[in-house]
Amino acid sequence: ETGYFTYDSGFTATASCKSAITYIDGDAGVLMYRGYPIEQLAEQSSFLEVAYLLMNGELPTKAQFDRFEHQVTHHTMMHEAQKHFLQGFRHDAHPMAMLCGMIGSLAAFYHDSLDMDDPEQRELAAIRLLAKVPTIAAAAYRHSIGWPIRYPRNNLEYVTRFLHMLFEVPAEPLELKPVAAKAMDLLFILHADHEQNASTSTVRLVGSTGANPYACVAAGIAALWGPAHGGANEAVLKMLEEIGTPDQVGKAVEKAKDRNSGFRLMGFGHRVYKNFDPRAKIIREMCHKVLSELGIDDPLLEVAMRLEEAALKDEYFIQRKLYPNVDFYSGIIYKALGIPTEMFTVMFALARTAGWVSHWLEQQVDPEAKIGRPRQIYTGATSRDYVPMAQRG
Ligand code: SDX
């Protein structure tokens, strides 16, 4: 219910909203999208089908999915004028900065044609975002390496189309191993939604003011960028590279236990999961599969496995119920697929767009939805009189 409950720190808070989209049981390590266990969706579904499920509440019939896929496929192009925004960024701008700016700018192209009271137009805006984020994400990457933008090819399915926009060069056809699209699709399913995490709550807070969905998703992208949230996958790779070799793992674990060190094991711990993050288990298996099928012997995987092993049997982590989370292994897969580190959080944002637009759509039809207004515990000065400048100390 939307009501009051108290965190274990004694801090009273309110549930921010009611939602029927995703259910998490942090102690049991359960994650369900619209009632379907994440393990089954990971095994049997596709990212685009999961996006339909999150947005509409039910798995699509074939006819419904074909119509949805056609709609998404025919909204993948970005407005040609948006290329000027891209050219305006320095080549070494962080792709998340470019993504945030470019998605926010969609409002300048489509907002005036969006009647927010019309359910069909709201759905079209959600589909536009789902369709254009991969195109814009890939364009941002291409800009950062000085390559020409690749236009979306409508004869390809969603994830393969994205990989082509990322990696295809005019000079030669792109050879994609099937495991690459399969691994990317799985990662997108696992990152698609996660209840009221910081970025989704941001989307809902901005949406509660009546702001347009492009502005809402741009705000979600900004929130996701932080290293405590979606930026963790990029931070995990940097951490593993800093640790360097398996024999340095023990030192890293000890350093992470020292609160004064300011060092944390990135990819470990979770605000809700006080058991294994069910996504981390699935990603760990996919990580081994991808590396063996691509014939990659990445020493960072050995460091990651030794770090996980050491932390899981260390009293400090056991007591605080700190387990690997969704970000711990995903970066190793992205790296194996040739995705550069600075694009890892962009991958997360691309997948989470499905969840963000679903929460935005849900909020638009919630009769109890009000403008968000988080409360505070005031710790400032008590009332006092103004002192003219000349009399100040
Ligand atoms: C995501 O909300 C979501 O659902 C997010 C997400 C999603 O799908 O949207 O699941 C995605 O953001 C996953 C989390 C990615 N972030 C990281 O991996 C960054 C590293 N992890 C942490 O910073 C931390 O664990 C958080 C932010 C994820 C959770 O923090 P909490 O639950 O608020 O825990 P805390 O900061 O209160 O820490 C509790 C204790 C503290 O020690 P004590 O004060 O008891 O001595 O655990 C320690 C912390 O110092 N601790 C860690 C640690 N995380 C917590 N110590 C070492 N390494 C860590 N990673």
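Procedures and definitions
Residues numbered from 1 in each chain as written. Predicted model: local features only at pLDDT ≥ 70, side-chain atom pairs only at ≥ 80, totals over all residues. Heavy atoms only, no water. Helix = DSSP H or I, 4+ residues; strand = E, 2+ residues; numbered from the N terminus. Rg over C-alpha atoms; globule rule 2.2 N^0.38 Å. Buried < 20%, exposed > 50% of the residue type's maximum accessible area, 1.4 Å probe, protein only. Contact = heavy atoms within 4.5 Å. Areas by Shrake-Rupley, 256 points an atom, 1.4 Å probe, with all protein chains shown as cover. Lys, Arg positive; Asp, Glu negative; His and termini not counted. Charge placed at Lys NZ, Arg CZ, Asp CG, Glu CD. Salt bridge = Lys/Arg side-chain N within 4 Å of Asp/Glu carboxyl O. Near = heavy atom within 4 Å. Polar contact = N/O pair within 3.5 Å; in protein donor to acceptor, adjacent residues only side chain to side chain. Pairing = 2+ DSSP bridges. UniProt positions renumbered as here; feature names shortened; annotations may be inferred. Axes fitted to C-alpha atoms, helices over the stretch in contact; angles between N-to-C directions. Left-handed = near helix turned anticlockwise from the far one by under 90°. Nonpolar A, V, L, I, M, F, W, Y, C, P; charged D, E, K, R; others polar. pLDDT = per-residue confidence, 0-100. Core = buried A, V, L, I, M, F, W, Y, C linked by side-chain atoms within 4.5 Å. Disulfide = S-S within 2.5 Å.

J.: Explanation requested: the overall build of the chain in the structure shown.
T.: Along the backbone of the chain there are 17 helices and five strands. The globule rule puts the C-alpha radius of gyration for 393 residues at 21 Å, and the 22 Å found for the chain is close to it. Seen along its three principal axes, the alpha-carbon backbone of the chain occupies a region of about 70 × 60 × 50 Å. Counting over 393 residues, the chain shows a buried share of 49%. The long-range share in the chain, meaning contacts at least 24 apart out of those at least 6 apart in sequence, stands at 73%. With the model as given, the accessible surface of the chain reaches about 19200 Å², and the carbon-plus-sulfur share is 53%. With 39 positive and 47 negative side-chain charges, the chain shows a separation of 5 Å between the mean positions of the two kinds.

J.: Just checking my understanding: could you explain the pattern of salt bridges for this structure?
T.: Close approach of charged atoms allows side chains with opposite charge to pair. Inspection of the entire model under this criterion finds 16 salt bridges. Here K18 makes a salt bridge to E368, at a shortest N to O gap of 3.3 Å. Here the residue K18 occupies a position in the loop between β2 (12-14) and β3 (22-25), and E368 occupies one in the segment after α17 (344-364), the gap between them amounting to 350 residues. Note that K289 and E293 form a salt bridge whose closest N and O atoms lie 2.7 Å from each other. With a gap of four residues between them, K289 and E293 both fall in helix α13 (residues 278-293), about one helical turn apart.

J.: Looking at this structure, I do not really get the site of the ligand. What am I missing?
T.: The environment of the ligand is formed by 25 residues, the closest being H194, R259, H270, R271 and R279. At a separation of 3.0 Å, an oxygen atom of the ligand approaches a polar side-chain atom of H229. Take R320: an N or O atom from its side chain is 3.1 Å from an oxygen atom of the ligand. Isolated, the ligand exposes 1100 Å² of accessible area, and the fraction of that covered by the protein chains is 80%.

J.: Can you walk me through the sheet that holds strand β4 (residues 30-33) in this structure?
T.: Paired through backbone hydrogen bonds, the strands of a sheet run either parallel or antiparallel to each other. Taken in spatial order, the three strands of this open sheet run β3-β4-β5, and their pairing is antiparallel. Among the strands making up the open sheet, the edge pair consists of β3 and β5 (36-37). The pairing of β4 with β5 spans two bridges and is classified as antiparallel. Along β5, the bridge assignment pairs M32 with P37.

J.: Would you mind showing me how to read the UniProt feature "active site" (unreviewed entry) in the chain here?
T.: Here, the residues flagged by UniProt with the feature "active site" (unreviewed entry) are H270 and D327. In summary, the annotated positions, though distributed over 58 residues, converge in three dimensions, the widest C-alpha pair being only 10.5 Å. With respect to the secondary-structure elements, H270 resides in the loop between α12 (249-257) and α13. On the basis of relative accessibility, which here comes to 21%, the residue H270 falls in the partly exposed class. Beyond its immediate chain neighbours, meaning those up to four positions away, H270 contacts H194, D277, R279 and N325.

J.: Hey, could you run me through the packing of helix α9 (residues 198-207) against α17 in this one?
T.: Packed helices, taken two at a time, are described by their axes: the angle between them and the distance between them. In contact at an axis separation of 9 Å, α9 and α17 are set at 35° when each is read in the N-to-C sense. Between α9 and α17 lies a crossing of right-handed hand. Residues S199, T200, V203, R204 and G207 of α9 form the contact with α17, whose own contacting residues are R352, W356, H359, W360, E362, Q363 and Q364. Residue classes in the contact of α9 with α17 are distributed as three nonpolar, six polar and three charged.

J.: In this structure, what is going on with the environment of A304? I would like to understand it.
T.: Relative to the assigned elements, A304 resides in helix α14 (residues 299-312). Classification of A304 by relative accessible area gives buried; the value is 0%. It is 36 Å that separates the C-alpha atoms of A304 and T76, two residues lying 228 residues apart in sequence. In contact with A304, other than residues within four places in its own chain, are L240, F328, Y329 and I332.

J.: Is there a simple way to explain the confidence of the model for the chain in this structure?
T.: Confidence along the chain averages 92 in pLDDT terms, with 96% of residues attaining 70 or more. Scored below 50 in pLDDT, residues 1-9 makes 19 contacts in the model with residues more than four places away or belonging to other chains.

J.: How should the nonpolar core be read in this particular structure?
T.: Inside soluble globular proteins, nonpolar side chains tend to come together where they are buried. Of all hydrophobic cores here, the largest spans 120 residues; its most connected members are L99, L130, L166, M184, F188 and I339. The element that contributes the greatest number of residues to this core is helix α6 (residues 119-144), accounting for 13 residues. Not counting chain neighbours up to four residues away, the residues in contact with F188 comprise F47, V159, F162, Y334, M347, L350 and A351.

J.: Hey, could you run me through the state of the cysteines in this one?
T.: Simply put, disulfide is the name for a covalent bond between the sulfur atoms of two cysteines. Evaluated as defined, the whole model comprises zero disulfides. For the unlinked cysteine C17, the closest cysteine sulfur is that of C216, found at 14 Å. The class of C17 is partly exposed, set by a relative accessible area of 21%. Here C100 is not cross-linked by a disulfide; its sulfur's nearest cysteine counterpart is in C216, at 12 Å.

J.: How should the side chain of S330 be read in this particular structure?
T.: Within the fold, S330 resides in helix α16 (residues 327-336). S330 has contacts with L187, H191, N233 and I283, leaving out every residue within four places of it along the chain.

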